[in-house]
Amino acid sequence: MITRLTIAVSLVITACASLAADLPELVYTGEAPRIQTALSPEDSQKHVQTPDGFKAVLFASEPEIVNPIALSWDSDGRLFVLQSVDYPHKFGKPEGGDRITICEDTNRDGKADTFTVFAENLSIATGMVCVDGGVIVAMAPDMKFLEDTDGDDKVDKTTVLFSGFGLHDTHAGPSNLMLGLDNHVWGSVGYSGFSGLFKGGKRSARMGVYRFSRDGSFFEFVGGFNNNTWGSGMTESFDLFGSTANNNHCVYIGIPKRFSSEKKFLNVKNIQGHYDIAKVCKDPLQQVDVRNGYTAAAGANIYTARTYPKEYWSRVMLVNEPTGHVVHRAILQEDGAGFKEVDGGNLFASSDNWSAPVYSAVGPDGHVWVADWYNLVIQHNPDRRGMSNQVWNAKKGLGNAHLNELRDKSHGRIYQVVYEKAKTKKHPTLKKAKTKKLVAALTHENMFWRNTAQHLIVSRELTDAIPRLIKLVGNKDVDETGLSAAPVHAIWALKGLGALDGANKSANRAVYDALAHPSAAVRKAAAQALPETEEGSLALASSTVLTDENMHTRLAATLRATELPKVGALNEAITKAKTVGVRDEWITVALKLAAGDSTPVKPAKVDAPARKKADVVVTLKTIKEKMSYDKTLIKVKSGQTVEIRFVNDDVMPHNVVLLTPGKLDDFGAATDAFLTDKSAEKKGYVPPSKRVLSATPIIAPGKQASIFFTAPATAGKFPYVCTFPGHWRLMNGILEVSDGKSLTLNESGKTKVLITGGGGSHDFLRWFGEADGKVFATSGARVDYTENTKTVSDQLAEANLLVISNNKPFSSDWKTGIIDHTNKGKSLLIIHPGVWYNWKDWPEYNKQLVGGGSRNHERLGAFDIIVKKPEHPLMKGVPAKFEITDELYRWTHAEGGADVEVLAIGKGRKSGDEFPVVWVVKHPTAKIVGNSLGHDERAHTLPAYKTILRNTLEWCTK
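Below is a summary of the structure that appears in this document. (Residues numbered from 1 in each chain as written. Predicted model: local features only at pLDDT ≥ 70, side-chain atom pairs only at ≥ 80, totals over all residues. Heavy atoms only, no water.)

So, about the sheet that holds strand 36 (residues 692-695). Sheets are built from strands that pair by backbone hydrogen bonding, the pairs being arranged parallel or antiparallel. The strand order across the open sheet formed by 5 strands is 33-39-38-35-36, and the pairing between neighbours is mixed. This sheet does not close on itself; its edge strands, each paired only once, are strand 33 (633-637) and strand 36. On average, each strand axis in the sheet is tilted by 25° relative to the strand beside it, whichever way the strands run. In terms of strand pairing, strand 35 (residues 657-659) meets strand 36 through 3 bridges, oriented antiparallel. Looking at the pairing, Leu658 lines up with Ser694 of strand 36. (Pairing = 2+ DSSP bridges. Helix = DSSP H or I, 4+ residues; strand = E, 2+ residues; numbered from the N terminus. Axes fitted to C-alpha atoms, helices over the stretch in contact; angles between N-to-C directions.)

Here the focus is the pattern of salt bridges. As enumerated under the stated definition, the model contains 33 salt bridges in all. Residues Asp182 and Arg211 are paired through a salt bridge, measuring 2.6 Å at the closest nitrogen-oxygen approach. Of this pair, Asp182 sits in the loop between strand 14 (174-179) and strand 15 (185-189) while Arg211 sits in strand 18 (residues 208-212), and the two are 29 residues apart along the sequence. Here Asp182 matches Arg211 in class, with each residue buried. Across the pair Arg509 and Asp513 runs a salt bridge, and its minimum N-O distance is 3.7 Å. (Salt bridge = Lys/Arg side-chain N within 4 Å of Asp/Glu carboxyl O. Buried < 20%, exposed > 50% of the residue type's maximum accessible area, 1.4 Å probe, protein only.)

In this structure, Ile100 and Ile414 are the most contacted members of the largest nonpolar core, which totals 134 residues. At 8 residues, helix 6 (residues 485-496) tops the list of elements feeding residues into this core. Residue contacts for Ile414: discarding those within four places in its chain leaves Val57, Leu58, Phe59, Ala60, Ile65, Pro68, Leu71, Leu79, Val81, Trp369, Val370 and Ala371. Counting residues in hydrophobic clusters, the runner-up holds 43 residues, among them Phe764, Ile865, Leu933 and Ala944. (Core = buried A, V, L, I, M, F, W, Y, C linked by side-chain atoms within 4.5 Å. Contact = heavy atoms within 4.5 Å.)

Before going further, it helps to spend a moment on unusual backbone geometry. Note on backbone geometry: most residues besides glycine have negative phi, and most peptide bonds are trans. Following Glu62, the chain continues to Pro63 via a peptide bond in cis, the omega torsion being 10°. As for its placement among the helices and strands, Pro63 is situated in the loop between strand 5 (54-61) and strand 6 (68-73). Across the junction of Tyr87 and Pro88, the peptide omega takes the value 5°, indicating a cis bond. Relative to the helices and strands, Pro88 resides in the loop between strand 7 (79-83) and strand 8 (98-104). Look at Met207: it is not a glycine, yet its phi comes out positive at around 55°. Mapped onto the fold, Met207 is located in the loop between strand 17 (201-205) and strand 18. Backbone geometry places Phe238, a non-glycine residue, at a positive phi of 65°.

All right, on to helix 7 (residues 505-514) then. An α-helical turn contains 3.6 residues, so a residue and the one three or four places further along point in the same direction. Within helix 7, burial applies to Ala507, Asn508, Ala510, Val511, Tyr512 and Ala514. On its buried face, helix 7 is in contact with helix 5 (466-473), helix 6, helix 8 (520-529) and helix 9 (534-542). Regarding helix 7, its N-cap is Asn504, as a side-chain oxygen of that residue lies 3.2 Å from the backbone nitrogen of Ser506 further along. (Polar contact = N/O pair within 3.5 Å; in protein donor to acceptor, adjacent residues only side chain to side chain.)

Below, the discussion takes up the packing of aromatic side chains. With the rule as written, the count across this model stands at 45 aromatic pairs. When the ring of Tyr303 is compared with that of Tyr308, the centres are 4.5 Å apart and the planes differ by 10°; the resulting orientation is stacked. You'll find Tyr303 and Tyr308 in the same group, each marked buried. Between the aromatic rings of Phe764 and Phe768, the centroid separation amounts to 6.0 Å while the plane-to-plane angle is 35°, which identifies the pairing as tilted. With Phe764 and Phe768 both in helix 14 (residues 764-778) and 4 residues apart, the pair spans about one turn of that helix. With respect to burial, Phe764 and Phe768 carry one shared label: buried. Here the guanidinium or amino end of Arg34 rests over the ring plane of Tyr28, the centre of that ring lying 3.6 Å away. We note Arg413 situated over the ring of Tyr374; from NZ or CZ to the ring centre the distance is 3.7 Å. (Phe/Tyr/Trp six-rings, centres within 6.5 Å; stacked < 30°, edge-to-face > 60°. Lys NZ or Arg CZ within 6 Å of the ring centre and 35° of its normal.)

See below:
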């Protein structure tokens, strides 16, 4: 058997792509964005690169094919193409523009020459699979069967099999339908989700893989993923996989959800082994997040034929990345009862920016067929934040997709990726085949034909096939990979025909014997199909599959044991299996389930000791589908205990990482570089860095987590950011730590206001800093508040308006700085505490800058303010007379002090005394305003007081 290492090395070596020497030129128009012009099908084909020995052959294109979204083939091997020209906006229209077209190559020249419209007037049809008699199509909210009852290749009967797919978002609905080995139809669904009623009750699904019965009476959610899901796939051994958007392009479904709904048990595992895509285009990719990675991975079909070299056989998963213009080869490498993914390079890669492979699958000829959406606008909701040359529009339309006139509705291509050394083989036609021919088709080397034949046998209820199927189960032929495919399909066909319900002794015995088949895949199928009877339990118990050397077979057998009657022998076999020393996470879980053990696989997490209640609790949320936090500024004080409670209301995972002060770009570069590390996902995409202070794990949609910390003693601006791939540029904010004596408001304001505070008898920060500062900030100014009156900072030099509200001493440097400020013609507002006679060692302050001062005041209470100079700009919009509750300073002019112009006075209610409350100091170079108001909080919240402050800012900074 070929080793997995050989597969990896071989595929990576052949990843060197062939490329035509003379490529058709790419032509561009416009700037920001710079738009490439579409190429003709023939010219675009030349831009496609394939591995050595392969070539891309154009099978069909516009005008017959536009926006192809899915491919399927009928039982005669004819190609059906689902074209969704309505996507993304014409959602729910009764007369849609989508259609299904049959494409045939009648003259065998490798190109379609006959196009028959099988169905039209569909609306946002996103998935399709051919079945006997017609096509099952996913068209939210419905799953429909489009039937051709008279054989004229036109649908003439439509049946809604079931309904319940969400309508919120057109790129998050059902897709990737396929026929499963278990006689069901399989598909994927994104975050729009599904909820419907069936015989067994309500069934729901969201972001993952599901299966349903051909008649629509049964539905099961099989694997739940962590992102918008557009891919489901299965190997010839019935191993289950999927792919999602946003850096999760390869997922293994080890234990279907029906075995345990408890989240403490494994269901799926993200197994991708690399981040980057191997793009060949030179222009920047149109990607919002997971840049140069798998941001829009679609499809998970496995190579299940024998036309390609043997290293492809049931070991290469085809992952389309339309934003990267590639079809990736994800090599599936066995890892116990699970798998790992190894980067196999690309099977298809285009340097044409319009090329957008959205679906690929193995066709009836054994070659891979690719649906190229061929569209400049590929992403549902592009976002230009941090992007270069982004085709963008902020407005959304129906289907939750952004409106963009550049969305194309006139192009589309279908390619075959042909292995040039392959021998041309005539494929069978099964539409009118009898039982004997259908059973014979179960031996075909291409799983497409085996699967098609199996489903025809079951859907047509060909019970006369049972003897032949029983005989086929006993076929012991094994191919080079260890697979014996025909018995696998024969077992599942018997299951679908009801022959394994316990009554048919010959069929049961054939399956029991198959538990010892030389092919692990056959043993696995036999275990999964065992009759749910005591006899089935005894057959499983007496076999060796519960300790099978093949871990995938052992896993399937152990899970099947949970569904069979618990006879004593089976219980003993399960107990014995637990003694076999295998350290495998999947087997460990399966054995616990089989034994009825509901305790967690890992010890329950012990809660941390009760912690001190946070001084500040901040709830930080995501803005749904905006890739943003709802807060970009959080303010706390040094020494406070802080809890940031992160609630992820988005449809994709996010986290919160708190950093030390510094450039975000530097940390972002480290985050991007870390993505190539294999441990990045396990470590929550948080790179090892001394700048990381605290971080939540990656939080799934609808979940929450907290970080708890003590705000640093040093004031500063601490960035917080999401490190999920590509998000740091878009999702970031600032935790502003104040020392309790400083703050900044409206950092982008062009006019600079510096407020000094501090001293006794007042809450300086709250009222002069925060309240008054907010008035200035909402008027467009940047406001800095400080209580540092010892060391002069650059803020003083930059200030257009200096506001003095402190009554604590100034250092000599500050005194010199204030005088220099006014001598340079910069403005000064001296307010309430600042107009007091505070500093005996600095008499020049009161004489030259205040014009006088106060040494006492009337008792706190209400008094009247009367405007004396209503024509002055400072009194614009101020009532001629108004009441205020405050301290009325007994301000008097200083002997020999600067002249002042009194603009408003305060008059005591009891004393009747009048004192200046707002005045202008006449200075040779500067505008200086004195304002004795502001002791009480009722003053700071008074509209007239705020108007005076706004007028002061405007007049002083003209």
